[in-house]
Amino acid sequence: MPPSASAIDFFQLFVPDNVLKNMVVQTNMYAKKFQERFGSDGAWAEVTLTEMKAFLGYMISTSISHCESVLSIWSGGGGGFYSNRSLALVMSQARFEKILKYFHVVAFRSSQTTHGLYKVQPFLDSLQNGFDSAFRPSQTQVLHEPLIDEDPVFIATCTERELRKRKKRKFSLWVRQCSSTGFIIQIYVHLKEGGGPDGLDALKNKPQLHSVVARSLCRNAAGKNYIIFTGPSITSLTLFEELEKQEIYCCGLLSPRKSDCTGLPPSMLSNPATPPARGQHRIKMKGNMSLICWYNKGPFRFLTNAYSPVQQGVIIKRKTGEIPCPLAVEAFAAHLSYICKYDDKYSKYFISHKPNKTWQQVFWFAISIAINNAYILYKMSDAYHVKSRGCLRGHGSVFWAP
């Protein structure tokens, strides 16, 4: 990107005009078919590309204001708490609601489509291609579920009736994330209900399900010598050995209760009668694989083929100072803390619009991830340092305003 590039230019690396034009076509097709079936809508006129950009801009603005409803922009004639007079003038509330009613990414299911996310999958595929083309991740990455739960401010202030009206999400979102920048490299959406071509609905065992998710998230990582950090539900000897054959190396926290411990020595999974001193550790090795049991206030187990167990590291605690540990333990703690930092920062800027339909929820979460990824690239670029003002979040509320 040239130094003259704007933050929106980075966003359009992931959501270019051809994708937006397709949304225009699909929305108009859906509106036409809907009216053929249920009667004409005299207030409807075909949406344009300019209007679609403004429509998305309104939705993106909720990531800054955190209002419960995007319609709050027009509330109180411009005098409401979340109202925004300058935004309200771009498009009327009535027009916005019409576009919201008919908005689609894929209007109709094809005869061969069985996937539950068929209405959003082409967009997810396009987004993934954009991520792959625009960013080269660091060697260290993390597989995890990002923070996409309800806005805690809303939960704390809403009534019990409003909470009951909220339906639980019917999907889980998993990502592979660069630990040095916070850039989300790959997205995987798992539907909790209904069938699917991958058969994930039949997997009741969480470690088994999460291993399938991990394989999918790492399908484009083979041969690049990446180091992947994982949580207990993903960590397993079988998975790590399989990924090692693809030149993908791992370091994961292991839990006898949450992890698939098949093939691991039972002596390392049980706690000794007398707890060892803080900082001590035990190690069992099999080829390049090491199972480490390190003691802090309790036992912490790690499985890794990415770090030598003889390499020493240190964990620094505010009150107790330095605690010796294997390098794998130090690396795991450091990289997970980076991800927690990024999640805590970027999850505050997720679009707060909460539709009922699953495909729409997935779509707006994906748009939120694209915004955060674009902002990360923007901050890393010359354009960010050249311009003294303006950033994706700061101007998200006026995205493409006509």
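Numbers given for residues are sequential positions, taken from 1 along each chain in its written order. Local features in a predicted model are, by the rule used here, given only for residues with pLDDT of at least 70; side-chain atom pairs are given and counted only at 80 or more, and totals for whole chains, interfaces and linings are based on all residues. Hydrogens and waters are ignored; side-chain quantities use all the structure's heavy atoms.

Some thoughts on helix 12 (residues 358–380)
Secondary structure elements are defined from DSSP: runs of H or I of at least 4 residues count as helices, runs of E of at least 2 residues count as strands, and each element is numbered from the N terminus. The span you would expect from a helix comes to 1.5 Å times its residue count less one. Taking 1.5 Å per residue, 23 residues should reach 33 Å; helix 12 reaches 33 Å between its end C-alpha atoms and fits that length. The element helix 12 is extensively covered by neighbouring structure, given that 21 of its 23 residues are classed as buried. With a 1.4 Å probe rolled over the protein chains alone, any residue whose accessible area is under 20% of its type maximum counts as buried; one over 50% counts as exposed, and the rest are partly exposed.

Observations regarding the packing of aromatic side chains
Any two of the Phe, Tyr and Trp rings considered here, Trp counted by its six-membered ring, make a pair once their centres fall within 6.5 Å; the pair's planes then place it as stacked at under 30 degrees, edge-to-face at over 60, or tilted in between. For the structure on display, the rule yields 27 aromatic pairs. Consider the rings of Y58 and W74, whose centres lie 4.9 Å apart with planes at 45°: the pair is tilted. With Y58 in helix 3 (residues 49–65) and W74 in the loop between helix 3 and helix 4 (85–88), the pair connects residues that are 16 residues apart, well separated along the chain. Judged by its relative accessible area of 13%, W74 is buried. Ring geometry for F135 versus F183: centroids 4.0 Å apart, planes at 15°, classification stacked. Placement of F135 in the loop between helix 6 (121–134) and strand 1 (140–144) and of F183 in the loop between strand 2 (171–178) and strand 3 (184–191) is noted, with a sequence separation of 48 residues between them. Exposure remark for F135: the relative accessible area of 10% places this residue in the buried category.

Some points on the environment of A5
Along the chain, A5 turns up in the segment before helix 1 (7–11). According to the relative accessible area criterion, A5 is buried, its value standing at 3%. Remark: the alpha-carbon pair of A5 and V386, spanning 381 residues in sequence, is separated by 9.6 Å.

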